[in-house]
Each structure stands twice: as C-alpha cells, then as structure tokens.
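Results of the structural survey
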Amino acid sequence: MVRSPAPSPDFPILSLFSIYVLPSNSPAAAAAAASSLAVQQSSKNLFSQLLDLLTLGLWSKLGRLSHYAFDAVLLSAFLAGMKRSTGLTFKTDKVAGENKEVGKWVDKYLGVGEWVMDQSVAIAGSSGWFDRTR
C-alpha cells in the first residue's frame, strides 16, 4: 500500500488530488504522489540555490541573523526599561575597559534600546488599549 505525502502549501492541488481523489493503492496515486514530491523538492532546492547564489551564500543565514538581531534589540530594550523603572544602569566601562571604541559601540547599542522604548511608549500611549496610571 502506497501512502501519499501530506498536503503542502507549495502545491496543494497536486497533494490534495493524490490524497483525496485517487485510491491509495492505485498506481496512479503512487505516481501522483511521487511526482508531487519530486516537483516540491526540486523547486525548493532550485529556488534556495538561486537565492544563495545571488546573495553570495547569505540567504541561508538570513533567518538566523535576523533572529539574533531581534534578540539583541530585545535585550537592549529590556536594559533600557530596567534603567527607566529602577534607575539601575549598565556599566559600560566594565565591558569596554580601557578601549574607548568599544565603549562607544556599547553606548550606541544601549541607545537603540532607549529608542525602541521611546517608540513603544509613544505608540502604546497614543493607542486606546493602554491607560496612564502615574
């Protein structure tokens, strides 16, 4: 007995046809399932290979890079919120040491968190979903 692949978002018609219309033990169902799976894999591989070629291999790393960037901004915004609510500030001189250039980069990084907090407070304050209690 041949099992058809699950419906995929790329080729839903082929997958649905091979699963729901054709009997699962027929040779036509096996051929439809195999061709559907082959078309899905070849088009995904070709598309991702083309994007990797055009972006010099960075396309496959883009998701991970954007995830790390979002996490870094989230951490910076958390530190900015902690500074505003408690007054505790991050000691940049402990991280930078004697290097002034690293200190500038850390200050810019924390400035991004301050900007994100400012924008978040402005958007939340202008919406009807939040009330100011202080």
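Analysis parameters
Residues numbered from 1 in each chain as written. Predicted model: local features only at pLDDT ≥ 70, side-chain atom pairs only at ≥ 80, totals over all residues. Heavy atoms only, no water. Helix = DSSP H or I, 4+ residues; strand = E, 2+ residues; numbered from the N terminus. Buried < 20%, exposed > 50% of the residue type's maximum accessible area, 1.4 Å probe, protein only. Contact = heavy atoms within 4.5 Å. Areas by Shrake-Rupley, 256 points an atom, 1.4 Å probe, with all protein chains shown as cover. Patch = residues over 30% accessible without salt bridge, like charges linked within 9 Å, V, L, I, M, F, W, Y side chains within 5 Å. Salt bridge = Lys/Arg side-chain N within 4 Å of Asp/Glu carboxyl O.

**Some details on the overall build of the protein chain**
- When helices and strands are tallied, the protein chain shows five helices and zero strands.
- N-terminal to C-terminal, the α/β element order of the protein chain is α-α-α-α-α.
- Buried residues in the protein chain amount to 17% of all 134 residues.
- Counting only contacts in the protein chain whose residues sit at least 6 apart along the sequence, the fraction spanning at least 24 positions is 45%.
- As displayed, the protein chain offers around 10,700 Å² of accessible surface, 66% of which is attributable to carbon and sulfur atoms.

**Some remarks on a nonpolar patch on the surface**
- A contiguous nonpolar patch, built from L50, L53 and L54 and spanning about 340 Å² of accessible area, is present on the exposed surface.
- Examined against the element boundaries, L50 turns out to sit in helix α2 (residues 27–54).
- Here L50 falls in the partly exposed class, since its relative accessible area comes to 44%.

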